[in-house]
Amino acid sequence: MFETMVEMILDAQHPLSTGLTADSRLIQAYQGTRPAVTPVWFMRQAGRSLPEYRELRVGTRMLDVCLDPELASEISLQPVRRHNVDAGIFFSDIVVPLKLVGVDVSIVAGKGPVLGKAVRSSADVDELTSLDPALLETALAPISAAVALAVSQLGSTPLIGFAGAPFTLAAYLVEGGPSKDHIHARTLMHAEPEAWAKLMAWTADVTGRFLRAQVLAGASAAQLFDSWAGALSLADYAASVAPASAAAIAHVRDLTYSVAESDRNVPIVHFGVGTGELLKEMHNIGADVVGVDYRVPLDEANRRLGGAVPVQGNVDPALLNAPWPVLEAHVRDVLERGRSAPSHVLNLGHGVPPDTDPDVLTRLVSLVHDVSAAE
Ligand code: CP3
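Residues numbered from 1 in each chain as written. Predicted model: local features only at pLDDT ≥ 70, side-chain atom pairs only at ≥ 80, totals over all residues. Heavy atoms only, no water.

Once that is clear, we can look at the site of the ligand. For the ligand, the set of nearby residues contains 26 residues, the closest of which are Arg44, Tyr53, Asp93, Ser227 and His350. At 2.7 Å from an oxygen atom of the ligand is found a side-chain nitrogen or oxygen belonging to Tyr53. Calculation on the ligand without its partners gives an accessible area of 870 Å², and the protein chains cover 91% of this total. Among the elements of the structure, α3 (51–57) and β4 (112–115) are those that each provide at least two residues to the shell around the ligand. (Near = heavy atom within 4 Å. Polar contact = N/O pair within 3.5 Å; in protein donor to acceptor, adjacent residues only side chain to side chain. Areas by Shrake-Rupley, 256 points an atom, 1.4 Å probe, with all protein chains shown as cover. Helix = DSSP H or I, 4+ residues; strand = E, 2+ residues; numbered from the N terminus.)

Our focus in this paragraph is the environment of Lys198. Relative to the helices and strands, Lys198 resides in helix α12 (residues 193–216). With a relative accessible area of 39%, Lys198 lands in the partly exposed category. When the C-alpha positions of Lys198 and Glu127 are compared, they lie 11 Å apart, and in sequence the two are 71 residues distant. With sequence-adjacent residues up to four places away left out, Lys198 is seen in contact with Val125, Asp126 and Thr129. (Buried < 20%, exposed > 50% of the residue type's maximum accessible area, 1.4 Å probe, protein only. Contact = heavy atoms within 4.5 Å.)

Below, the discussion takes up the sheet that holds strand β7 (residues 255–259). The strand order across the open sheet built from three strands is β1-β7-β8, with neighbouring strands paired in mixed fashion. Bordering the open sheet on either side are β1 (8–9) and β8 (262–265), each of which pairs with just one other strand. Two strands pair when backbone bridges link them, and β7 and β8 are joined in this way by four bridges, in the antiparallel orientation. By the bridge assignment for β8, Thr256 is matched with Asn265. (Pairing = 2+ DSSP bridges.)

Let us now look at the sheet that holds strand β9 (residues 268–272). On the basis of which strands lie adjacent, the open sheet formed by seven strands has the order β2-β5-β6-β9-β10-β11-β12 and parallel pairing. Strand pairing shows two members of the sheet lacking a second neighbour, β2 (88–89) and β12 (344–348), which therefore form its edges. Pairing of strand β5 (residues 159–164) with strand β6 (residues 221–226) involves five bridges; the strand directions are parallel. Its bridge partner being in β6, Gly164 is matched across the sheet by Phe225. Along the sheet, α12 makes contact with β5 and β6, crossing β5 at roughly 170°. (Axes fitted to C-alpha atoms, helices over the stretch in contact; angles between N-to-C directions.)

Moving on, we come to the environment of Pro358. Tracing the backbone through its elements, the reader meets Pro358 in helix α18 (residues 358–374). Along the backbone, Pro358 and Lys117 are 241 residues apart, and their C-alpha atoms lie at a distance of 37 Å.

Attention now goes to unusual backbone geometry. Of the consecutive residues Gly313 and Asn314, the connecting peptide bond is found in the cis state with omega at -20°. The topology assignment puts Asn314 in strand β11 (residues 311–315). Of note, Arg44 is a non-glycine position whose phi angle comes to about 60°, a positive value. Positive phi is not limited to glycine here, since His182 has a value of about 55°.

The end-to-end C-alpha distance of helix α5 (residues 69–83) is 22 Å, a good match for the 21 Å that 15 residues give at a rise of 1.5 Å each. The complete set of buried residues in α5 reads Ala72, Ser73, Ile75, Ser76, Leu77, Gln78, Pro79, Val80 and His83. Elements in contact with the buried residues of α5: α3, α4 (62–66), β2, α9 (141–154) and α18. Where α5 begins, the capping side chain belongs to Asp68, and its oxygen is found 3.1 Å from the backbone nitrogen of Glu70. One or two positions beyond α5, positive phi appears at Asn84, with a value near 65°. (Expected span 1.5 Å × (residues − 1).)

Pasting the structure below:
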């Protein structure tokens, strides 16, 4: 599928095209070359662990903030200023493109995304998919503006764009909100396979457009989050989910830039939680880098991936609140195991917990840089 895809060269002003971010540690590692110092960033680094974020959020609604370019840009920059991380992640949410295409969704503090109406039947799927994804061509303007603003201030630090994978979004759409086992979504997959396929194709289009808009506006890499794919068997994942994830990724897979007269693809990372059994399939959808949660050690993840795939991860977020010597020993172990892969970007095995002491994150960034530089 990818061999026949027509390439599209990024705008000359894009930070990958100008060279501003193309040689950064993050992009080198994502392209499979091990830089002298291991790059580090944290999933959910922009958000509630930072007092400056909580201050800025007083009296505002999450989705309103995501659609305000000044605020979304400012929040994306906060952790970069504070922690000396090697990348920013764009501040937004996986449900933003659903909201922009016309779905009744809100984000409830302490809970997560909540839908006005759960999508439970084939008729519900027909109603949802009558919303035209092409509306996003103009509706995504505040997202493009926020990314451009953040990128203009980040200089040589790359910004990572992201989107939710179709299954994780479908899990919210079908359940109507957060769920532990995603049982209604998994029932629909088998009870109404045609409706399921239609739902997944529509969701892939919506989330793929969200991701593409961020890269075109200046993001230097893209991460697809399939946070809840760990609820699936390998067979269900391969048959009923992976094709839609590949379709979502195809929205950015064609984007290229040139370095020293050779064409490169914008790197794509794919991450899931509890997906140790799915790692190889998750790479096969067309990802360059696989994000690993804290359950599978990186040397074992590298073995499962066949030894040629850059990995990202996988410090256990629970240890951020443990005594420093315990955390330090764990981080050194993660770095050591990460050396088995072609390249490694240090991250957490899932997002930063809201009660994390931000100074611990800053100290962890220095540790990663110092330990990896000394090797
Ligand atoms: O720093 C970053 O990582 C960038 C921002 C970001 C947010 N959401 C901001 C946010 C990213 C990358 C996401 C992705 C996201 N959203 C995922 C995939 C990543 C993952 O954690 O698995 C998922 C599953 C969602 C859905 C979602 N949105 C959840 C589960 C929640 C938390 C609910 C809560 O309050 O506990 C949200 C809301 C949300 N998204 C917040 C933030 C900062 C909290 C909103 C607040 O401050 O009130």
